[in-house]
Amino acid sequence: IEDLLVLVPATLRDQVRDSIGGTARRFPGGLRYLESSGAADFASALELVAPFVGSRPCVVHQGNGLLGEPLPALSGLRAGRPDLILLVYQGANGRDQLNRAARQLLHIAELDEEQSALGMAGVCIFGEGALASATTMAGQRGAAGAFDVTTVAEKIAADGGKLDVRVVDSW
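Residues numbered from 1 in each chain as written. Predicted model: local features only at pLDDT ≥ 70, side-chain atom pairs only at ≥ 80, totals over all residues. Heavy atoms only, no water.

**What to know about the overall build of the protein**
Here is step 1 of the chain: Helix and strand content of the protein: six helices and six strands.
Here is step 2 of the chain: Each helix (α) and strand (β) of the protein, taken in turn from the N terminus, gives the series β-α-β-α-β-β-α-α-β-α-α-β.
Here is step 3 of the chain: Evaluated residue by residue, the protein yields a buried proportion of 38% over its 171 residues.
Here is step 4 of the chain: A separation of at least 24 residues holds for 75% of the contacts in the protein among residues at least 6 apart in sequence. (Helix = DSSP H or I, 4+ residues; strand = E, 2+ residues; numbered from the N terminus. Buried < 20%, exposed > 50% of the residue type's maximum accessible area, 1.4 Å probe, protein only. Contact = heavy atoms within 4.5 Å.)

**Some thoughts on the sheet that holds strand E6 (residues 163-168)**
Here is step 1 of the chain: Here four strands make up an open sheet; going across it, the order is E3-E5-E4-E6 and the pairing mixed. Each of the sheet's edge strands pairs with one partner strand only, and the pair in question is strand E3 (58-61) and E6. Ignoring which end each strand starts from, the neighbouring axes of this sheet average 30 degrees apart.
Here is step 2 of the chain: Here E3 pairs with strand E5 (residues 118-126) via four bridges, running antiparallel. Looking across to E5, one finds that Val59 is bridged to Ile125.
Here is step 3 of the chain: Contacts between helix H6 (residues 149-158) and the sheet are confined to strand E4 (84-90), E5 and E6, with E4 contributing the most and set at about 135 degrees to the helix. (Pairing = 2+ DSSP bridges. Axes fitted to C-alpha atoms, helices over the stretch in contact; angles between N-to-C directions.)

**Structural notes on the pattern of salt bridges**
Here is step 1 of the chain: If you walk through the whole model with that rule in mind, you get five salt bridges.
Here is step 2 of the chain: Taking the shortest distance from any N to any O, the salt bridge between Arg32 and Asp3 comes out at 3.6 Å. Pair noted here: Arg32 is in strand E2 (residues 30-36) and Asp3 is in strand E1 (residues 3-9), with a separation of 29 residues, a long-range link.
Here is step 3 of the chain: Note on Asp3: relative accessible area 24%, which makes it partly exposed. (Salt bridge = Lys/Arg side-chain N within 4 Å of Asp/Glu carboxyl O.)

**Considerations on the environment of Leu86**
Here is step 1 of the chain: Relative to the elements of secondary structure, Leu86 occurs in strand E4.
Here is step 2 of the chain: Residue Leu86 is classed as buried on the basis of its relative accessible area of 0%.

**Looking at the nonpolar core**
Here is step 1 of the chain: Membership of the largest hydrophobic core comes to 22 residues, with the highest contact counts inside it found for Leu84, Phe126 and Leu131.
Here is step 2 of the chain: Sorting the residues of this core by element identifies helix H2 (42-53), E3, E4, E5, helix H5 (130-139) and H6 as the ones contributing at least two each.
Here is step 3 of the chain: It is H2 that contributes the most residues to this core, five residues altogether.
Here is step 4 of the chain: Discounting chain neighbours no more than four positions away, the residues touching Leu131 are Leu46, Val49, Ala50, Val53, Cys58 and Phe126. (Core = buried A, V, L, I, M, F, W, Y, C linked by side-chain atoms within 4.5 Å.)

**Side note on the pairing of E2**
Here is step 1 of the chain: Here E2 lies mainly inside the structure; five of its seven residues are buried.
Here is step 2 of the chain: Here seven bridges tie E1 to E2, and the two strands are oriented parallel to one another. Among the inter-strand pairings, Leu4 is bridged to a residue of E2, identified as Leu31.

Below, the structure written as structure tokens:
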């Protein structure tokens with residue numbers, strides 16, 4: 001990871017800068033902030049950051065949680081194709097559990113759904129060009145507004161892209 005772009009509501013800008021400002025030296029490209037007028041949903045957030053990312057691969061880490069371990073190896077991203085690595089974790093509560101359609105899409109089988117409930121961690125890794133593809137979809141989400149990382153994964157898979165799923169221990 002060369003640079004870090006943080007999308008932050010304008011009302012929280014100072015708090016976020018105070019909290020993570022010292023990490024800028026870890027990123028050769030620097031640490032930049034992009035202010036939004038308020039809390040952004042997943043689709044809006046992708047649309048706001050896409051011009052800064054361009055076609056480069058990127059990691060999207062939602063602000064509603066923290067990944068409690070190092071990012072998995074980024075191998076598997078192939079140049080020229082929109083690929084996506086989704087991180088899932090065990091122990092999700094009821095509202096965060098992967099639904100049956102998501103498990104089928106990701107080719108995940110849970111032997112005991114009550115005990116091992118898998119949920120989507122709030123981190124995904126977009127391959128080259130994949131974020132641009134996702135933002136095109138976000139703009140076409142229509143009146144229903146249903147757009148999340150599973151929707152992105154479905155579109156990338158339908159377009160022949162490669163999906164990878166990695167289980168993380170802590171989200």
